[in-house]
Amino acid sequence: VDKSSIGLLKIIHHELLPVHYSDSIYNIIKDGVDAKGILAYYNGDTAVGEICYRREEEKVENSIVKRIYIMTLGVLQSYQRLGIATKLVNKVIEGATDESEIYLHVHVDNQNAIEFYKKLGFQLVKKEEGYYKSLNNGDAYLFSKKITK
């Protein structure tokens, strides 16, 4: 996602996500330094899905742990169950350099997403109450998967 395609990302997010992001988040994704976005196209010309993620580093004891956090992932309803979301997640994993883990949050009521991530080998780590501040029931599950190369 770059300057020319950020509008498409906003449209897909508006259609799919219960939480709406500020322009500052889209500017970070558009810049492609601290976070990145990938659009999925159907037949090469119709944007039907997206994944946005960031790479993170955390000092743990005497070493640096590198991870990838999936900020958003979605495919428009008419194009779901065609393997598009799986391809997006795999593309991010394949692009991992020295990251050892990929993780994300899923709303507790999003059963389709929960089953999807389990099918991809993500493990439920814990429930985080009130994670989504702007939702009445903002509870989320934290899912994680080890990256092996």
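Residues numbered from 1 in each chain as written. Predicted model: local features only at pLDDT ≥ 70, side-chain atom pairs only at ≥ 80, totals over all residues. Heavy atoms only, no water.

Novice: Explain the layout of surface pockets here, please?
Specialist: Gaps left between atoms are located by rolling a probe of water-molecule size over the structure's atoms. Here the largest pocket is characterised by a volume of approximately 1,200 Å³. Considering the residues around the largest pocket, the lining is formed by 39 residues, among which L73, G74, N110, A113 and Y117 are closest to the centre. Among the elements of the structure, β3 (63–75), α3 (84–94), β4 (101–107) and α4 (111–119) are those that each provide at least two residues to the lining of the largest pocket. Considering each element in turn, the lining of the largest pocket owes the most residues, seven residues, to β3. (1 Å grid on protein atoms, 1.4 Å probe; cavity = no way out; pocket = protein on both sides within 12 Å on 5 of 7 lines; lining within 4 Å. Points joined across faces, edges and corners; volume = space filled by probe spheres on them. Helix = DSSP H or I, 4+ residues; strand = E, 2+ residues; numbered from the N terminus.)

Novice: Even after reading the chapter, I still don't get the sheet that holds β4, so can you show me in this structure?
Specialist: Strand pairing in a sheet takes place through backbone hydrogen bonds and is either antiparallel or parallel in direction. A sheet is described by the order of its strands in space; here six strands give the open sequence β1-β2-β3-β4-β6-β5, paired in mixed fashion. Looking at strand neighbours, the two that pair on one side only are β1 (36–42) and β5 (123–128), the edges of this open sheet. Ignoring strand direction, the axes of neighbouring strands in this sheet form an average angle of 25°. Where β5 lies against strand β6 (residues 140–146), five bridges are found, and the strand directions are antiparallel. When the sheet's bridge partners are listed, Q123 is paired in β6 with S144. With respect to the sheet, helix α1 (residues 6–16) is in contact with β1, β2 (46–60) and β3, its orientation differing from that of β2 by roughly 90°. (Pairing = 2+ DSSP bridges. Axes fitted to C-alpha atoms, helices over the stretch in contact; angles between N-to-C directions. Contact = heavy atoms within 4.5 Å.)

Novice: Can you walk me through a nonpolar patch on the surface in this structure?
Specialist: A surface patch of nonpolar side chains, about 290 Å² in accessible area, is lined by L8, I11 and Y41. Along the polypeptide, L8 turns up in helix α1. (Patch = residues over 30% accessible without salt bridge, like charges linked within 9 Å, V, L, I, M, F, W, Y side chains within 5 Å. Areas by Shrake-Rupley, 256 points an atom, 1.4 Å probe, with all protein chains shown as cover. Salt bridge = Lys/Arg side-chain N within 4 Å of Asp/Glu carboxyl O.)

Novice: Sorry, what's going on with the nonpolar core here?
Specialist: Across soluble globular proteins, you tend to see nonpolar side chains buried next to one another. Counting residues in hydrophobic clusters, the biggest one holds 27 residues, and the most contacted among them are I51, L73, V89, I102, Y117 and F122. Looking at this core, the elements with two or more residues in it are β1, β2, β3, α3, β4 and α4. Among the elements that line this core, the one with the most residues is α3, at six residues. Among the nonpolar cores identified, the runner-up in size contains nine residues, and L9, I12, Y26 and A47 belong to it. (Core = buried A, V, L, I, M, F, W, Y, C linked by side-chain atoms within 4.5 Å. Buried < 20%, exposed > 50% of the residue type's maximum accessible area, 1.4 Å probe, protein only.)

Novice: Help me out: how do you make sense of the pairing of β6 in this one?
Specialist: Sheet faces and side chains relate simply in a regular strand, where the side chains alternate between the two faces. Where β4 lies against β6, seven bridges are found, and the strand directions are antiparallel. Bridge assignment links H105 to a residue of β6, and that residue is L142.

Novice: I tried to follow the pattern of salt bridges on my own but got confused; where do I start?
Specialist: Opposite charge on two side chains permits them to pair, given that their charged atoms come into close proximity. Taken as a whole and assessed by the stated rule, the structure comprises ten salt bridges. Measuring nitrogen to oxygen at the nearest pair gives 2.7 Å for the salt bridge that ties E56 to R54. By relative accessible area, R54 is classed as partly exposed at 30%. Several salt bridges share partner residues, and in doing so they unite R54, E56, E58, R67 and E101 into one network.

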